[in-house]
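Observations on the three-dimensional arrangement
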Amino acid sequence: MRFAISLLLVLAIASIIGTVLKQNEPYPNYLFEFGTYWFDMFRTLGLFDVYHSLWFLVILLFLVISTSFCIIRLSPIMLKEMKSYRERSTLSSLRHFRFRQELVTSLAPEQSVRLMDKVLAGYGYKSRTQIRKTGQLLAAKRGSWNRLGYILTHSAIVIICIGGLIDGNIPLKVDQFLGYKRIETRDMPESQVPSVSRLGSNNLSFRGDVTIPEGSSADVIFLNVANGYLVQELPFIVSVKKFIVKYYSTGQPRLFASDLVIQDKKTGKSKSVRLEVNHPLTMDGVDIYQASFGDGGSHLHFLVWPLTGASTLTTPLDGIVKHHEPMTINGHPYAIEFDDFRKFNVEDLSQGVVKAPSSFMQNILSVFSPAAHKDQELRNVGPSVQFKIRNAQGEAREYLNYMLPITLGGHSYFLTGMRDNPGASYQYIRLPLDDNGNVNSFMQLRAHLDDPSAANGIASRFAKKALAGIPNMQAMKPKLAQISESVLALFRQGGYNALAGFISKDVPQNEQENAAQTYLKVLQGTALEALNEVIPPGTPIKDKASFVRDSLNAMNDSFLYGPPVYLQLQSFKPVMATGLQMTRAPGKYLVYFGSLCLVLGIFAMFYIRERRVFVYASSDGKVLFAMSSSRQTLDFELEFKKLSNIISKAFADNKEL
Amino acid sequence: MELVHESKPALLRELRLGDWGYALVWLLGCLYTLDKFGAGMNVYSKGILCAASLGFIALGWFWKPFRLMCVITAVLSLFAIYEYHGQIASAEQELWLKYLLGSQTAIMWMSFLFVLATLIYWVALLGRSEFAGKFASVLTWCAVVMGLVGMLTRWYVSYLMGPDIGHIPISNLYEVFILFSFMTALFYLYYEDRYESYQMGAFVLLVIAAAIGFLLWYTFDRHANGIEPLVPALQSYWMKIHVPANFVGYGSFSLSAMLGVAYLLKSKGILADRLPDLVMLDDVMYKSIAIGFLFFTIATILGALWAAQAWGGYWSWDPKETWALIVWLNYAAWLHMRLVKGVRGPILAWWSIGGLMVTTFAFLGVNMFLSGLHSYGKL
Ligand code: HEM
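No experiment lies behind these values; they were computed from the predicted model shown. (Residues numbered from 1 in each chain as written. Chains lettered and ligands numbered in written order. Predicted model: local features only at pLDDT ≥ 70, side-chain atom pairs only at ≥ 80, totals over all residues. Heavy atoms only, no water.)

Some points on the overall build of chain A
Across its full length, chain A carries 15 helices and 26 strands. Against the globule reference of 26 Å for 657 residues, chain A gives a C-alpha radius of gyration of 40 Å, more extended than a compact globule. By its C-alpha atoms, chain A is 135 × 65 × 50 Å across when sized along the principal axes. Counting only residues that meet the buried cut, chain A has 47% of its 657 residues in that class. Contacts in chain A between residues at least 24 apart in sequence constitute 64% of all its contacts with a sequence separation of at least 6. Between the centroid of the 70 positive side chains of chain A and the centroid of its 56 negative side chains there is a distance of 12 Å. (Helix = DSSP H or I, 4+ residues; strand = E, 2+ residues; numbered from the N terminus. Rg over C-alpha atoms; globule rule 2.2 N^0.38 Å. Buried < 20%, exposed > 50% of the residue type's maximum accessible area, 1.4 Å probe, protein only. Contact = heavy atoms within 4.5 Å. Lys, Arg positive; Asp, Glu negative; His and termini not counted. Charge placed at Lys NZ, Arg CZ, Asp CG, Glu CD.)

Describing the overall build of chain B
Counting its regular elements, chain B contains 14 helices and zero strands. If you list the helices and strands of chain B from N to C, you get α-α-α-α-α-α-α-α-α-α-α-α-α-α. Against the compact-globule benchmark of 21 Å for 379 residues, chain B has a radius of gyration of 22 Å, which places it among compact chains. A principal-axis box enclosing the C-alpha atoms of chain B has dimensions of 60 × 55 × 50 Å.

Quick notes on unusual backbone geometry
Phi is positive for R86 of chain A, which is not a glycine, with a value near 55 degrees. You can see R86 of chain A is positioned in the loop between α3 (54-83) and α4 (91-94). In this structure, L271 of chain B is a non-glycine residue whose phi angle is positive, near 55 degrees. Along the chain, the position of L271 of chain B falls in the loop between α11 (238-267) and α12 (278-310).

Looking at the side chain of S558 of chain A
All names here are of chain A. Among the structural elements, S558 can be located in the loop between α13 (544-557) and β23 (565-573). Among the polar contacts made by the side chain of S558, one reaches the main-chain carbonyl oxygen of M555 at a distance of 2.7 Å. If sequence neighbours within four positions are ignored, S558 has contacts with L307 and I429. (Polar contact = N/O pair within 3.5 Å; in protein donor to acceptor, adjacent residues only side chain to side chain.)

Points about helix α11 (residues 477-506) of chain A
What sets the pattern is the α-helix's 3.6 residues per turn: residues three or four places apart point alike. Residues and elements named next belong to chain A. Between its first and last C-alpha atoms α11 spans 22 Å; for 30 residues at 1.5 Å apiece the expected length is 44 Å, and the helix comes up short by more than 12%. Of all the bends found along α11, the most pronounced is centred on G494 and spans about 125 degrees. When α11 is considered as a whole, its buried residues turn out to be L480, A481, S484, V487, L488, L490, F491, G495, A498, L499 and I503. (Expected span 1.5 Å × (residues − 1). Bend = angle between axes of the 7 residues up to and from the residue.)

Description of the site of the ligand
Close contacts around the ligand come from 19 residues, with C70, R73 and H154 of chain A together with H336 and V340 of chain B the closest. At the ligand, the nearby residues belong to more than one chain, namely chains A and B. Residue H336 of chain B places a side-chain N or O atom 2.5 Å away from a nitrogen atom belonging to the ligand. Ranked by the residues each element gives to the shell around the ligand, the list is headed by α3 of chain A, at seven residues. In terms of residue class, the shell around the ligand is made up of 14 nonpolar, four polar and one charged. (Near = heavy atom within 4 Å. Nonpolar A, V, L, I, M, F, W, Y, C, P; charged D, E, K, R; others polar.)

Notes on the sheet that holds β23 of chain A
Residue and element names in this part refer to chain A. Spatially, β13-β12-β23 is the arrangement adopted by the three strands of the open sheet, whose pairing is antiparallel. Across the chains shown, the open sheet's two edge strands, defined by having one partner strand only, are β13 (315-320) and β23. Between one strand axis and the next, the sheet turns by 30 degrees as a mean value, whatever way the strands run. In terms of strand pairing, strand β12 (residues 299-306) meets β23 through eight bridges, oriented antiparallel. Pairing of F302 across the sheet is with L569, part of β23. (Pairing = 2+ DSSP bridges. Axes fitted to C-alpha atoms, helices over the stretch in contact; angles between N-to-C directions.)

Things to note about the coordination of the iron atom of the ligand
Taken together, the protein donors to the iron atom of the ligand comprise H154 of chain A (NE2) and H336 of chain B (NE2), at separations of 1.8 to 1.9 Å. Classification of the site at the iron atom of the ligand rests on its six donor atoms, whose angles at the metal span 83 to 179 degrees, yielding the label octahedral. Separated into two different chains, H154 of chain A in helix α6 (residues 145-167) and H336 of chain B in helix α13 (residues 319-339) make up a pair that spans both. Note on accessibility: H154 of chain A and H336 of chain B belong to one class, buried. (Donors = N, O, S within 2.8 Å, 3.2 Å for Na, K, Ca; no water. Tetrahedral: all angles 85-135°; square planar, octahedral: opposite > 155°, others 65-115°.)

A look at the packing of aromatic side chains
Applying the stated criterion across every chain, the model contains 66 aromatic pairs over all chains. Geometrically, the ring pair formed by W122 of chain B and F203 of chain B is tilted, given 5.3 Å between the ring centres and 55 degrees between the ring planes. In this pair, W122 of chain B sits in helix α7 (residues 103-127) while F203 of chain B sits in helix α10 (residues 199-220), placing the two residues 81 residues apart along the sequence. On the accessibility criterion, F203 of chain B (3% relative accessible area) is buried. Here the aromatic residues F177, F180, F214, W217, Y218, F247, Y250, F253, F296, Y331 and F363 of chain B are joined through ring pairs into a cluster of three or more. The ring of Y125 of chain A carries R142 of chain A above its face, with NZ or CZ at 5.9 Å from the centroid. A cation over an aromatic ring shows up here: R430 of chain A above the ring of Y413 of chain A, its NZ or CZ 5.3 Å from the ring centre. (Phe/Tyr/Trp six-rings, centres within 6.5 Å; stacked < 30°, edge-to-face > 60°. Lys NZ or Arg CZ within 6 Å of the ring centre and 35° of its normal.)

Description of the interface of chain A and chain B
On the side of chain B, 82 residues touch chain A, which itself brings 81 residues to the contact. Buried surface at the junction of chain A and chain B, both sides included, amounts to about 7,200 Å², of which 67% is carbon and sulfur. The tally of links from chain A across to chain B stands at two salt bridges. The closest approach of N and O atoms between R254 of chain A and D164 of chain B, which form a salt bridge, is 3.8 Å. Counting the contacts that link chain A with chain B gives twelve residue pairs in polar contact (both at pLDDT 80 or more). Ranked by residues supplied to the side of chain A that touches chain B, first place goes to helix α14 (residues 587-607) of chain A with eleven residues. Considering only residue class, the side of chain A that touches chain B consists of 44 nonpolar, 23 polar and 14 charged. (Buried area = accessible area lost by both parts, 1.4 Å probe. Salt bridge = Lys/Arg side-chain N within 4 Å of Asp/Glu carboxyl O.)

Details of the packing of helix α5 (residues 109-122) of chain A against helix α15 (residues 634-653) of chain A
All names here are of chain A. At their nearest, the axes of α5 and α15 sit 11 Å apart, and the two run at 135 degrees to each other. When the interaxial angle is binned, α5 and α15 end up oblique. Where α5 crosses over α15, the handedness of that crossing is right-handed. Mapping the contact onto sequence places S112, L115, M116, V119 and L120 in α5 and L643, I646, I647, A650 and F651 in α15. (Parallel < 35°, antiparallel > 145°, perpendicular 65-115°, else oblique. Left-handed = near helix turned anticlockwise from the far one by under 90°.)

Concerning the sheet that holds strand β25 (residues 611-618) of chain A
All names here are of chain A. The five strands lie next to each other as β1-β26-β25-β3-β2, forming an open sheet whose pairing is antiparallel. With one partner strand each, in any of the chains shown, β1 (99-104) and β2 (126-131) form the two edges of the open sheet. Neighbour-to-neighbour, the strand axes of this sheet turn through a mean angle of 15 degrees, independent of strand direction. Bridge count between β2 and strand β3 (residues 135-142): six bridges; the pairing is antiparallel. When the sheet's bridge partners are listed, S127 is paired in β3 with A140. Sheet strands touched by α15: β1, β3, β25 and β26 (622-629). Its angle to β26, the strand with the most contacts, is close to 155 degrees.

Here we look at the domain arrangement of chain A
Frequently, the measure chosen for interface size is the accessible area removed from exposure when the parts meet. Each domain of chain A was delimited in the assignment, giving domain 1 (87-143 + 609-653), domain 2 (181-204 + 206-296 + 575-584), domain 3 (299-358 + 375-438 + 553-574) and domain 4 (446-538). For domain 1 of chain A versus domain 4 of chain A, the separation of C-alpha centres amounts to 108 Å. (Domains from an automatic or database assignment.)

Notes on the side chain of E610 of chain A
All names here are of chain A. Here E610 is to be found in the loop between α14 and β25. Within the structure, the side chain of E610 is placed 3.0 Å from the side chain of R147, a separation counted as a polar contact. Not counting the four nearest positions on each side in its chain, E610 is found in contact with R142, G143, S144, N146, R147, S628, S629 and S630.

Overview of the nonpolar core
Residues and elements named next belong to chain B. M69, F114, V144, Y191, F247 and W334 are the most contacted members of the largest nonpolar core, which totals 164 residues. By residue number, the principal contributor to this core is helix α9 (residues 173-195), which donates 17 residues. If we skip the residues at most four places from it in the chain, F114 touches T140, A143, V144, S181, F182, A185, L205, I208 and I212. (Core = buried A, V, L, I, M, F, W, Y, C linked by side-chain atoms within 4.5 Å.)

Focus: the state of the cysteines
Residues and elements named next belong to chain B. For the coordinates displayed, the defined rule picks out zero disulfides over all chains. Unpaired in this structure, C30 has its nearest cysteine sulfur neighbour in C50, at a distance of 4.2 Å. Left unpaired, C70 is separated from the closest cysteine sulfur, that of C30, by 13 Å. (Disulfide = S-S within 2.5 Å.)

Side note on the pattern of salt bridges
Following the criterion strictly, the structure yields 31 salt bridges over all chains and no others. Residue D273 of chain B pairs with R274 of chain B through a salt bridge whose shortest N-O separation is 3.9 Å.

Quick look at the environment of L356 of chain B
Residue and element names in this part refer to chain B. You can see L356 is positioned in helix α14 (residues 346-369). Exposure remark for L356: the relative accessible area of 16% places this residue in the buried category. Counting along the chain gives 177 residues from L356 to L179, while the straight-line C-alpha distance between them is 17 Å. Apart from residues lying up to four places away in sequence, L356 is in contact with S254, A257 and Y331.

Some remarks on a nonpolar patch on the surface
Residues I170, V174, F177, L178 and Y180 of chain A make up a contiguous nonpolar surface patch of about 550 Å² in total accessible area. For V174 of chain A, the location among the structural elements is in helix α7 (residues 170-178). (Patch = residues over 30% accessible without salt bridge, like charges linked within 9 Å, V, L, I, M, F, W, Y side chains within 5 Å. Areas by Shrake-Rupley, 256 points an atom, 1.4 Å probe, with all protein chains shown as cover.)

As structure tokens, then:
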């Protein structure tokens, strides 16, 4: 018994591990998070897939075996007890009952027993009478089903576990162990996966996924196992006509569905169906679910802007999501990998910046209402594209660009986010737009400021304008022009950091604060001058001062941006892909049956109380009424009192016959 | 010779006219709903409606005060719905709605009444005042009624927002905290009634007051009280039965843990002469865990059935699922200790307090610290 309780607790603790450590992630993620030492340790212990690890299955097996033994040992006893009325009880044993009462009656023993039989029958008791030498014994019982509760609950545990094991990957594990099947870890087209990593369509049970772009079809799914996969063949071919998302008026998704055509391989018959979340479909014993969606290879068209140098020359670039393109930037070879495209993005703009919803509180919220709560200002900010730029050494940075202008604090920007590892959140750069929503003005300004040959002219014109109309300051002009030029040069080399570095090195401590202010003003003034020179007349920019400030910020941030190009998404042709999950789980019928037994069993155990009543009517007119229950709770005391009153009353009512 | 003894089955013998009237009202209400709204309900919704009606009839027969609560709740809710005149804005304009019965107002009243009841239960406990106890009990009943009215009108209001938006208000954390509060209170009121003891209230209402604290913070700081449409994964009739069953479990487990606290205090001699008998505390603790365990089992199984429909497998070892299993195993162990080994006393009291920690983690902690399918991150 102690063993059973310990097992329950060990199982509970073992289960916890699997919830704390994210399960079945790709191995590189673990390696990144834990380092090689712990990674090897955890992998050996099976912690990346606890619930399928050997030790976990062994604990489960122990549980099943010990419960089975328990059932085998106790069931016969329980069944016997259920049937028995205990009519062999002796008068002296009844006298030791805690709940008993003695009465005197003028009725003959057989009359007393008959009366009691009738009274107790009204309360659901079944009884047996036994004639003894000194009187008659009525043995009654009620609620014997209680005992069945034990058998039901415990059998349920065994049944559920067996059902679960059938649907688990035990047969596959065995095949793998014997070398009949091998996990494929290479990234290759499905058709080239060797047969040792393929499972036939008659496989008893499986659970896997497949992503199918619109207009394509598939007749296999992929089972994720450890750090690789297996290919499961299907008895049918699924073609995807269209993936559908519908939205509520509030912008949250209301419906995800796929229009499919499924063709049976054997009969060749096909049927069209619509698959929705929460409404799976069964085909040849395989259940098909709408599980996820993604991009199925949208066509994207970009304009590539340089982010350094004096040129604003753009080049066009075409890409397809999930494909990559080679590209040369400043003479270096790179590859652009287009990862994802999204047509809609509902984002919270209340914080002023788009951010990934990963904070503590938002996680709580997302559980029950993945949508927003009222603090947030949700808006559909339009299409976005996610891509990586990889250099010749294989190092990559990841980018997230929004196609449409996003208005923050009254000004519009193009947002582009960058991160250098997949776990980090994006750092955004805001490229300011002119009032026509065009990024060209910013690009012109940037190129002008980035042009060393133009700096001298800008600086002197800035100085001239800044001091114009201030008569006694004209002598300062060359000095101001020189400051302007060197500030610009510093900024061109390293942004605000370079300026700060210069100040902390060359300016006495107590003047640094002032110098910083002055330099910033000069920089902004110079940039404003540059802006005026470079934008075509008539380009509307209402608030030039803040446009200049935003431009300088954007230029400053671009030092950390990576390869100095900005990909402006210009147009797209979306192609969606639907993610289907398919399962075959014959064990579920056992599991459901076991669950039913479990509920009935628990009900029987707690809410059917076994009670036994004995009435011994002696020939001398004495009647002993005794009562017992398998569980003597407070209720039972009350029940005894109630029944004993009823019995007393019944005898009183039948005094004279 | 004729033995005189009335021999009708026990249940029917105890039913009075009021019970039959109560049942009739439920049945009529149910039929009316089917007639008027049946067209918009699928067969599962109809099944759930009928089964729930029968269940509530049985509950009212079994525990009489429940009948009165149902009637008052129904009258107030119908009146509130009438006052809405089919417009959400009425909540701000109609006096009754603005100050008493509007969905949000009623929930605020519930919160206030629960907190007040908690205080007065403590007054009753410390001052050994029977009168204060009775008063606190009435307040608790009122709070339950207001909570129910708030939820029912909220349900109605969600349909005013748009026919495709309308849904039962048990779909987010805000709503289930209300569910938790009045469910726990109802269980408590039942035991209070059966054991004729007001002293337990001081402890049980503490956990409800804590839930209310969270609810208020959630309302005023996070403005989480808005009605949001359902994401596709939640659009299922399973939600209607899975979630309430879970909260019967959570409520009962919390109740037993609070009684565990009372038990330990009493056995250490603290408040000893004010608290009820240890035997009684122990008994209620057991009963509460027993009913909680039954419903939690059902809820977990319903969850598995739902998962089989929504996620493609009845068991995915998703953190929420796994923690439900952990909670379940914990109480299975508790019950083995008591039923098989016959353990009583402080060990079980401590264990049920520990059980509340585990339950709270399963309820809240998983959402906060772990991620999984339950966050519907996938779609
Ligand atoms: C994970 C699930 C469970 C396991 C592994 C398990 C295991 C066991 C084991 C090994 C015993 C000892 C039998 C013996 O004395 O030889 C036992 C007894 C018992 N279990 Fe369970 N059990 C489980 C679930 C339950 C549940 C859900 C209940 C009811 C709520 C329950 C109620 C009982 C009772 C009442 C006994 C005592 C039977 C008796 O000796 O009269 N068990 N269990």
